[in-house]
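# Summary of structural features
Now for the letters of each chain:
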Amino acid sequence: MADKPGLLERLAKGVVLGAEGYVFELERRGYIKAGPFVPEVVLDFPEAVDELHREFLRAGAEVMVALTYYGDREKLKTVGREGELETLNRRAVKLAKKAAAEGNALVAGDICNTWVYDHNDKEASSKKVRQIYTEQVSWAVDEGVDFIIAETLDYFGEGMLALEVIKSFGLPAMITFASVQDTLREGISHVEACRLLAAEGADVVGLNCSRGPGTMLPMLREIRQVVSGYVAAQPVPYRTTPDQYAFQQLREPGGERLFPIALEPFLCNRFEMADFARQAEEIGVNYIGICCGGAPHHVRAMAEALGRTPSASRYSPELSLHPMIGKHVHEKDEEFLGHWKD
Ligand SMILES: [Zn+2]
């Protein structure tokens, strides 16, 4: 245990590559219900979680994030499984830990926006959020996580509560905001929220989810200017634009909203995510990852863009060996080439 460098030691040496998007990917695979997005898969098909951890690990992820996103008491109530709350949370960490051990990766506990916090009823709602975070973090700590990620927070106040709870357990805290608006719900900008959280002692601050590379990068530049500590960025791999800056807003001209289960027309390819990783590194982002919509092929391309050779690189593309678009097209196929190259 002692010889595994922790999050802060790794960040001091260079970029840490993360990978998330478990809920979206396991929904696509048929193990999570879109709508509630409660990670029931941990209870019902743990082997599917185990497999996805391993795929991200092979692709180069250095952190296995326990699938406790939306695995809190309030969320489990919505699917009638509150009685399995502790089992889900403990098992999720065990699964992440098992996969991490195969590749010297870190294990992160995970908490997120609760949908309970209300800045107009701060005192009462804070009490509830604190309870939710405390029970989740205590199980995660008990199972042996290395640090805690609090993510997709759209209230600054909820970020402060997350920080308070994580610090009470003495673990490194990574806190990232996401908002469908161009500010957090209290009206504070994401940039200012990151600055304040870092000043309050959050070890890593930044953004995740909601925005794709195109609309997250400009904000990262601003955050980098005001935060001297570590910065994290885990965008969604979708082509968001200044007009539709969050993936919840994406729609084709005259079309319906595509979030959350018809977003494919806007999906970034692996090259775009590799490019994001390079640009984020250039800006000075320390923890680079991906969120909802991300899949192992994105992560491998990002790892390679950062100069790494994860184990899945053994099967990285070698298109010169393709029978038709490769270098050695047989004479008999020459006449069909037009169909491939036009
Ligand atoms: Zn996400």
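Residues numbered from 1 in each chain as written. Predicted model: local features only at pLDDT ≥ 70, side-chain atom pairs only at ≥ 80, totals over all residues.

## Quick notes on helix H7 (residues 122-143)
Basically, it comes down to this: Secondary structure elements follow DSSP: runs of H or I of four or more residues count as helices, runs of E of two or more count as strands, with numbering from the N terminus. By this rule, a helix spans an expected 1.5 Å times one less than how many residues it contains. Exposed residues have 12 or fewer other C-beta atoms within 10 Å of their own C-beta, buried residues have 20 or more, and partly exposed residues fall in between, where C-beta atoms are placed from the backbone. Taken from the helix axis, the directions to the C-beta atoms give the arc we talk about.
Its 22 residues place the ends of H7 31 Å apart at the C-alpha level, agreeing with the 32 Å of an ideal helix rising 1.5 Å per residue. The complete set of buried residues in H7 reads Val-129, Ile-132, Tyr-133, Gln-136, Val-137, Trp-139 and Ala-140. Within H7, the buried residues cover an arc of 160° as seen down the axis, which keeps them to one side. Away from the buried face of H7 by more than 90 degrees, exposed residues Glu-123, Ala-124, Lys-127 and Asp-142 are located. Following H7 by one or two positions, Gly-144 adopts a phi angle in the positive range, close to 95°.

## Observations concerning helix H12 (residues 296-305)
When you tally the buried positions in H12, you get eight out of ten residues, the bulk of the element. Just beyond H12, the residue with positive phi is Gly-307, at close to 85°.

## Quick look at unusual backbone geometry
Looking along the chain, the bond that leaves Phe-259 and enters Pro-260 is cis, with omega of 0°. Along the chain, the position of Pro-260 falls in the loop between strand E7 (230-234) and helix H11 (270-283). Backbone geometry places Asn-104, a non-glycine residue, at a positive phi of 55°. Mapping Asn-104 onto the fold places it in the loop between helix H6 (85-101) and strand E3 (106-112). One non-glycine residue, Cys-209, lies in positive phi territory at about 60°.

## With respect to the environment of Val-129
Just so we agree on the cut-off: We call two residues in contact when their backbone-placed C-beta atoms lie within 7 Å.
Here Val-129 is to be found in helix H7. The exposure class assigned to Val-129 is buried, which follows from the 25 C-beta atoms found within 10 Å. Residues Val-129 and Asn-113 lie 16 residues apart in sequence; the distance between their C-alpha atoms is 9.0 Å. In this view, Val-129 contacts Thr-114, Val-116, Tyr-117, Glu-158 and Leu-161; residues no more than four positions away in its chain are not counted.

## Examining the confidence of the model for the protein chain
Rule in force here: Per residue, pLDDT captures the predictor's confidence, and it can take any value from 0 to 100.
Predicted confidence across the protein chain gives a mean pLDDT of 96, with 99% of residues reaching 70 or more. The secondary-structure element of the protein chain with the lowest mean pLDDT is helix H13 (residues 337-341), recorded at 77, while strand E8 (residues 287-288) shows the highest, at 99.

## So, the pairing of strand E5 (residues 173-177)
Put simply, the rule reads: Only strands joined by at least two bridges in the DSSP assignment are considered to pair.
Buried residues dominate E5, accounting for five of its five residues. Inspection of the sheet shows strand E4 (residues 147-153) paired to E5 by four bridges, in the parallel sense. Counterpart to Ile-149 in the pairing with E5 is Met-174. Where E5 meets strand E6 (residues 204-208), four bridges bridge the pair, whose relative direction is parallel. Residue pairing across strands places Thr-176 opposite Gly-206, the latter belonging to E6.

## A look at the pairing of E7
Along any regular strand, the residues point their side chains to alternate faces of the sheet. Counted residue by residue, E7 has five buried out of five residues, so it is predominantly covered. Residues of E7 alternate between two faces, with Tyr-230, Ala-232 and Gln-234 on one and Val-231 and Ala-233 on the opposite face, all of them buried. Sheet topology note: the E6/E7 ladder contains five bridges and is parallel. Bridge assignment links Val-205 to a residue of E7, and that residue is Val-231. Relative to E8, E7 runs parallel, the two being bridged by two bridges.

## Considering the sheet that holds strand E2 (residues 63-65)
Under the convention used in this document: Axes here refer to lines fitted to C-alpha atoms; in helices the fit is confined to the stretch in contact. Angles between the N-to-C directions go from 0 to 180 degrees.
Pairing within the open sheet is parallel, and its eight strands lie in the order E1-E8-E7-E6-E5-E4-E3-E2. The open sheet has two edge strands with one neighbour each: strand E1 (16-17) and E2. Lying on the sheet, H6 is in contact with E2 and E3; it crosses E3 at an angle near 150°.

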